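The chain contents come next:
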Amino acid sequence: MSTTLGDKLVIAISSRALFDLDESHRVFEEQGTDSYCQYQIEREEVLLEPGVAFPLVRKLLALNQGRPDQPRVEVILLSRNNADTGLRVFNSIQHHKLEVTRAAFTSGESPYRYVSAFGAHLFLSADPDDVKKALEAGVAAATIVRSKASLNVYSEQLRIAFDGDAVLFSDDAERIFKEQGLAAFQTSEQASARQPLSGGPFRNFLAALQRIQREYPPEKSPIRTALVTARGAPAHERVIRTLRAWDIRIDEALFLGGLEKGDFLKAFGADIFFDDQQGHCESASRHVTTGHVPHGVSNQG
């Protein structure tokens, strides 16, 4: 009997992003594949501790509560384990009562090629190479940054924050800033204020979130989004007009004019923040779960 994932929001996630597999990965790196396999099989009844992205996945799956016949979200496990060693991961999924039923185990090969096959809107991984390949294939993807950030305790609402250039939008404007400086960037953005920016790798993911948000009045939505950008006036206008042209609502927009983003992300209560610049990600990860998007001019060279 064939089936499809329909209009669901589909999230693909690696086992190392979902669970704490640092010790297992250390065995793999130091002792090789055979020792790793033996290690995992011997411990397949030992439950894995939650990883950096675990709280995010739990909140995503909570969007399905009360909708057993029409779930909004599907989480897919993509793992470099084989099916044998992956049993420990599925045992942990079942213990934590996560509704994850679909998976691809690739026995050491990169699982990125299954991201598009599953129709995923987002891929989260601990492996930067897999993330880059997914981005090149046109899928929103981010490398989970190691973090001590705790679960969002503000509410049960899912809160997701995005950088602008090279994440939601193309990196065209950022290229001007990098190559010609702030003055040229501001002049260009003012001149192009009524010309919408091209979409970046996360445009479609934001649109998928928006489809769920539209089922609710804004004040009762289970999802809240924020744009957190280093842009300030006068470069704000083009961003606002771009989102308007896309018919996409952003609940909060923070134009920080170069201020560090961490405290603002903490104040927003982000469950995850996506940024293309490694330095911004390292700063943000002290406060919230963060995904590095290795896309655009800031990640070249």
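If you're wondering where the values come from, they're calculated on a predicted model, not measured in any experiment.

This next bit is on the domain arrangement of the protein. Domains assigned within the protein are domain 1 (9-145) and domain 2 (158-292). The straight-line distance from the C-alpha centre of domain 1 to that of domain 2 is 27 Å. With 20 residues of domain 1 at the interface, the matching set in domain 2 holds 21 residues. Of the roughly 1,700 Å² buried between domain 1 and domain 2, counting both surfaces, carbon and sulfur atoms make up 71%. On the domain 1 side of the contact with domain 2, Leu56, Arg72 and Val145 bury the most area, a combined 30% of that side's loss. Where domain 1 meets domain 2, there are two salt bridges. Linking Lys59 and Asp271 is a salt bridge whose minimum nitrogen-to-oxygen distance equals 3.2 Å.

Attention shifts here to the pattern of salt bridges. For the coordinates displayed, the defined rule picks out 19 salt bridges. Lys8 serves as the salt-bridge partner of Glu74, at 2.9 Å between the closest nitrogen and oxygen. Taken as a pair, Glu74 in strand β2 (residues 73-79) and Lys8 in the segment before β1 (9-14) lie far apart in primary sequence, 66 residues in all. Lys8 sits in the buried class, given a relative accessible area of 17%. Among the ionic pairs, Arg72 bridges to Glu215, the shortest N-O distance being 3.0 Å. Here Arg72 is found in the loop between α4 (54-62) and β2, whereas its partner Glu215 is found in the loop between α10 (203-213) and β7 (223-229), with 143 residues between them in sequence. Salt bridges linked by common partners bring Asp165, Glu189, Arg231 and Arg238 together as one network.

The next subject is the environment of Arg146. Positionally, Arg146 belongs in the loop between β5 (140-144) and β6 (158-162). Linking Arg146 and Cys281, residues 135 residues apart in sequence, is a C-alpha distance of 9.9 Å. Sequence-distant contacts of Arg146, that is, excluding residues within four places in its chain, are made with Asp22 and Ser285. One polar contact links Arg146 to Asp22, side chain to side chain, over a distance of 2.8 Å.

Residue Pro234 follows Ala233 across a cis peptide bond; omega there is 10°. Position of Pro234 relative to the elements: it lies in the loop between β7 and α11 (236-246). In this structure, Lys97 takes a positive phi of about 55° despite not being glycine. Along the chain, the position of Lys97 falls in the loop between α5 (87-95) and β3 (102-105). According to the relative accessible area criterion, Lys97 is exposed, its value standing at 70%.

The rules behind the values
- Residues numbered from 1 in each chain as written.
- Predicted model: local features only at pLDDT ≥ 70, side-chain atom pairs only at ≥ 80, totals over all residues.
- Heavy atoms only, no water.
- Domains from an automatic or database assignment.
- Contact = heavy atoms within 4.5 Å.
- Buried area = accessible area lost by both parts, 1.4 Å probe.
- Salt bridge = Lys/Arg side-chain N within 4 Å of Asp/Glu carboxyl O.
- Helix = DSSP H or I, 4+ residues; strand = E, 2+ residues; numbered from the N terminus.
- Buried < 20%, exposed > 50% of the residue type's maximum accessible area, 1.4 Å probe, protein only.
- Polar contact = N/O pair within 3.5 Å; in protein donor to acceptor, adjacent residues only side chain to side chain.

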